[in-house]
Amino acid sequence: DSLKKENADLSKMNIDLKENLQTSQQETLLLKKEVEEGERRRERAEREGAEKESTLRIQNAKVKTKIQMVQTELQRVVTKSEEYKREVEALEALVKDIHPSEVHRYRLHAKSSARREAERKRLRKLEEIVVEGERAEQLHLEEKKILRAELDRVRASV
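Cut-offs applied
- Residues numbered from 1 in each chain as written.
- Predicted model: local features only at pLDDT ≥ 70, side-chain atom pairs only at ≥ 80, totals over all residues.
- Heavy atoms only, no water.
- Helix = DSSP H or I, 4+ residues; strand = E, 2+ residues; numbered from the N terminus.
- Rg over C-alpha atoms; globule rule 2.2 N^0.38 Å.
- Buried < 20%, exposed > 50% of the residue type's maximum accessible area, 1.4 Å probe, protein only.
- Areas by Shrake-Rupley, 256 points an atom, 1.4 Å probe, with all protein chains shown as cover.
- Salt bridge = Lys/Arg side-chain N within 4 Å of Asp/Glu carboxyl O.
- Phe/Tyr/Trp six-rings, centres within 6.5 Å; stacked < 30°, edge-to-face > 60°.
- Lys NZ or Arg CZ within 6 Å of the ring centre and 35° of its normal.
- Patch = residues over 30% accessible without salt bridge, like charges linked within 9 Å, V, L, I, M, F, W, Y side chains within 5 Å.
- Lys, Arg positive; Asp, Glu negative; His and termini not counted.
- Charge placed at Lys NZ, Arg CZ, Asp CG, Glu CD.

Focus: the overall build of the chain
A count of helices and strands for the chain gives 2 helices and 0 strands. The C-alpha atoms of the chain give a radius of gyration of 52 Å, which is well past the 15 Å a tight globule of 158 residues would have. By principal-axis analysis of the C-alpha atoms, the chain measures approximately 140 × 90 × 20 Å. With 158 residues in all, the chain has 1% of them scored as buried. As displayed, the chain offers around 15400 Å² of accessible surface, 57% of which is attributable to carbon and sulfur atoms.

Concerning the pattern of salt bridges
Going through the model one piece at a time under the given rule, you end up with 10 salt bridges. The shortest N-O distance in the salt bridge between R120 and E117 comes to 3.2 Å. Here R120 and its partner E117 are both found in helix α2 (residues 100-157), 3 residues apart, which amounts to about one turn of the helix. Taking the relative accessible area as the measure of exposure, E117 reaches 31% and is therefore partly exposed. Among the ionic pairs, R153 bridges to E150, the shortest N-O distance being 2.3 Å. Taken as a pair, R153 and E150 lie in helix α2 at a separation of 3 residues, close to a single helical turn.

Observations concerning the packing of aromatic side chains
This model, assessed by the stated rule, comprises 0 aromatic pairs. Against the face of Y106 rests R105, its NZ or CZ located 5.3 Å from the ring centre.

Some remarks on the environment of L17
If you trace the backbone, L17 turns up in helix α1 (residues 2-97). L17 sits 106 residues away from L123 along the chain, and the two C-alpha atoms are 117 Å apart.

Observations concerning a nonpolar patch on the surface
Residues V95, I98 and Y106 make up a contiguous nonpolar surface patch of about 270 Å² in total accessible area. Mapped onto the elements, I98 comes out in the loop between α1 and α2. Since its relative accessible area comes to 31%, I98 is described here as partly exposed.

Here's the deal with a positive patch on the surface
On the surface, a cluster of positive charge is made up of R107, K111, R115 and R116. Here R115 lies in helix α2. Judged by relative accessible area, R115 falls into the exposed class, the value being 55%.

A few points about the environment of K52
Tracing the backbone shows K52 in helix α1. Sequence spacing of K52 and T72 is 20 residues, and the spatial spacing of their C-alpha atoms is 30 Å.

None of the figures reported here should be taken as evidence of function without further support.
Set out below in structure tokens:
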């Protein structure tokens, strides 16, 4: 009797051990899958990181090229600016060499030209005002005719 009980207990323990083994095997499989998935993610992250690094290197090279182009253009502009400055200095020296009476005559001519232009603008403005006045007068006369016709029509109907 005790042997049967012990045998039943051992059988139950054996079943429990088999179930535990099966559960452990399933958990091991799940862990293996998780590890493999983690490896795939790590490899993908490494690939993406390498791609991003490559892209950044390319962008960096492009930026450096643009910087060099801008520096070259800046140097060219500075050089041109210096050339223009020398030309202006030469022209200033030439202007200083002109006789003062000549300079005075040029200034008077410039002032009189400016006055003539201002007078022309004023004359154009006055002409516009006259034209607008004539239009207003014409409209007023037309309105007067209409009102007289209306008055005559009303008188005739009364």
